[in-house]
Amino acid sequence: MITFIRNIGILLWRIWFYLLVLIPILIFFPFLLLFTTSEKFYPQFFWLARNLWARPILYGMGFFPKFKREEEIVKGKSYMLVANHTSMTDIMLMLLASKNPFVFVGKKELVKIPIFGFFYKRTCILVDRGSARSRKAVYDSAQKRLNQGMSICIFPEGKVPEEHILLDEFKDGAFRLAIEHEIPIVPMTFADNKKRFSYSFFSGSPGRMRLTIHKFLSTTGLKVEDKKEMSKTAREIILAELIAYENEKPLSN
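Residues numbered from 1 in each chain as written. Predicted model: local features only at pLDDT ≥ 70, side-chain atom pairs only at ≥ 80, totals over all residues. Heavy atoms only, no water.

## A look at the environment of Ser151
Here Ser151 shows up in strand S5 (residues 151-154). By relative accessible area, which is 2% here, Ser151 ends up buried. Sequence separation of Ser151 and Phe102 is 49 residues, and the distance between their C-alpha atoms is 4.2 Å. Setting aside anything within four residues of it in sequence, one finds Ser151 in contact with Lys77, Ser78, Tyr79, Pro101, Phe102, Val103 and Leu146. (Helix = DSSP H or I, 4+ residues; strand = E, 2+ residues; numbered from the N terminus. Buried < 20%, exposed > 50% of the residue type's maximum accessible area, 1.4 Å probe, protein only. Contact = heavy atoms within 4.5 Å.)

## Focus on the nonpolar core
In terms of nonpolar packing, the biggest core is built from 72 residues, with Trp53, Met80, Met94 and Met188 touching the most fellow members. Ranked by residue count, the leading element in this core is helix H3 (residues 42-60), at nine residues. When neighbours within four sequence positions are excluded, Met94 is seen to be in contact with Leu81, Ala83, Phe102, Phe104, Cys153, Phe155, Met188 and Phe190. (Core = buried A, V, L, I, M, F, W, Y, C linked by side-chain atoms within 4.5 Å.)

## A look at the side chain of Arg210
Among the secondary structure elements, Arg210 is positioned in strand S7 (residues 207-213). Among the polar contacts made by the side chain of Arg210, one reaches the side chain of Asp192 at a distance of 2.7 Å. (Polar contact = N/O pair within 3.5 Å; in protein donor to acceptor, adjacent residues only side chain to side chain.)

## Observations concerning the packing of helix H7 (residues 173-181) against helix H9 (residues 227-246)
Two packed helices can be described by the angle between their axes and the distance between those axes. It is at 9 Å that the axes of H7 and H9 come closest, and there the two elements cross at 115°. Relative to H9, H7 is oriented so that their crossing is right-handed. Every residue of H9 that contacts H7 at Phe175, Arg176 and Ile179 is listed here: Lys227, Met230, Ser231 and Ala234. Tallied by class, residues from the contact of H7 with H9 come to four nonpolar, one polar and two charged. (Axes fitted to C-alpha atoms, helices over the stretch in contact; angles between N-to-C directions. Left-handed = near helix turned anticlockwise from the far one by under 90°. Nonpolar A, V, L, I, M, F, W, Y, C, P; charged D, E, K, R; others polar.)

## Points about the sheet that holds strand S2 (residues 80-83)
Read from one edge to the other, the open sheet built from seven strands follows the order S1-S7-S6-S2-S5-S3-S4, with strand pairing classed as mixed. Two strands bound the open sheet, and with one partner strand each, they are strand S1 (63-69) and strand S4 (125-127). Strand-to-strand, the axes of this sheet are offset by a mean angle of 25°, without reference to chain direction. Two elements, S2 and strand S6 (residues 185-190), share four bridges in a ladder whose sense is parallel. Note that in S6 the partner of Leu81 across the bridge is Val186. Helix H4 (residues 90-97) contacts S1, S2, strand S3 (102-107), S5, S6 and S7 of the sheet and is inclined by roughly 50° relative to S1. Its contacts with the sheet place H9 against S1, S2, S6 and S7, and it is angled at close to 25° to S6. (Pairing = 2+ DSSP bridges.)

## Re the pairing of S5
Going residue by residue along S5, you find Ser151 and Cys153 tucked away on one face and Ile152 and Ile154 tucked away on the opposite face as well. Relative to S5, S2 runs parallel, the two sharing three bridges. Across the sheet, the residue bridging to Val82 is Ile154, located in S5. The sheet contact formed by S3 and S5 spans three bridges and is parallel. Following the sheet pairing, Phe102 is matched in S5 by Ser151.

## Let's talk about the pattern of salt bridges
Scanning the entire structure with this criterion turns up eight salt bridges. One salt bridge connects Lys68 with Glu241, and the closest N-O pair in it is separated by 2.9 Å. Taken together, the residues span a long stretch of sequence, with Lys68 in strand S1 and Glu241 in helix H9 at a distance of 173 residues. Lys68 sits in the buried class, given a relative accessible area of 17%. The salt bridge partner of Lys228 is Asp172, with a shortest N-O separation of 2.8 Å. Taken together, the residues span a long stretch of sequence, with Lys228 in helix H9 and Asp172 in the loop between S5 and H7 at a distance of 56 residues. Lys228 sits in the exposed class, given a relative accessible area of 56%. (Salt bridge = Lys/Arg side-chain N within 4 Å of Asp/Glu carboxyl O.)

## Regarding H3
The terminal C-alpha atoms of H3, which comprises 19 residues, lie 25 Å apart, in line with the 27 Å expected from a rise of 1.5 Å per residue. Bending of H3 peaks at approximately 30° at the position of Ala49. Burial in H3 covers these residues: Tyr42, Phe45, Phe46, Leu48, Ala49, Arg50, Asn51, Trp53, Ala54, Ile57 and Leu58. Gly62, located one to two residues past H3, shows a positive phi value of around 85°. (Expected span 1.5 Å × (residues − 1). Bend = angle between axes of the 7 residues up to and from the residue.)

Right, here's the structure in full:
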């Protein structure tokens, strides 16, 4: 009986999450529509998504972000943001992590989500990982956004790994882009998102969401051939922090 009541509570709480995702989109629909008519309005769209969409969702669910910054993101500078991928809340927490406007590179399948997918398609760089032509288009789109002073965000695992996998292998695309454009790589560790709101439906709970912004990795002077080494380095940094958090002994700065 106790388990049944608990599951009903989690069900209602999860339904509340989807309402929190949808309600701001409906309220600010005219502004979202306006700010996605042209790329020059993207900073305004980003501000709205960060402050009037992501923030209310996280706090409305009882999630309390806690940031540990080993290096500060400089306003007006472009970066490659990379992090472990664990939950639907990764998008919201990433938006809170950087005041600098950035563009997500994400799976094209998400455009199928009603309403959310409409704006996702208009603001993100979409990739079909099974298409070489699509991957080439990603590089072209990313270059255009970087030339506009934006940053790029990629979850290099390419998917949310299975529950028993702490951190999956990284794909090289994010690191190749960073090297080609000589922008710093910003590794980030999401410590609690899987525990707070995983893809296992009857799971999760309110609480803190710890995020570590690690020291940046410079790409100055590197060649495309160095992408695998940079991928390995970033993964090792994130994995070490995840293991430390698993042991409840977060690494010091």
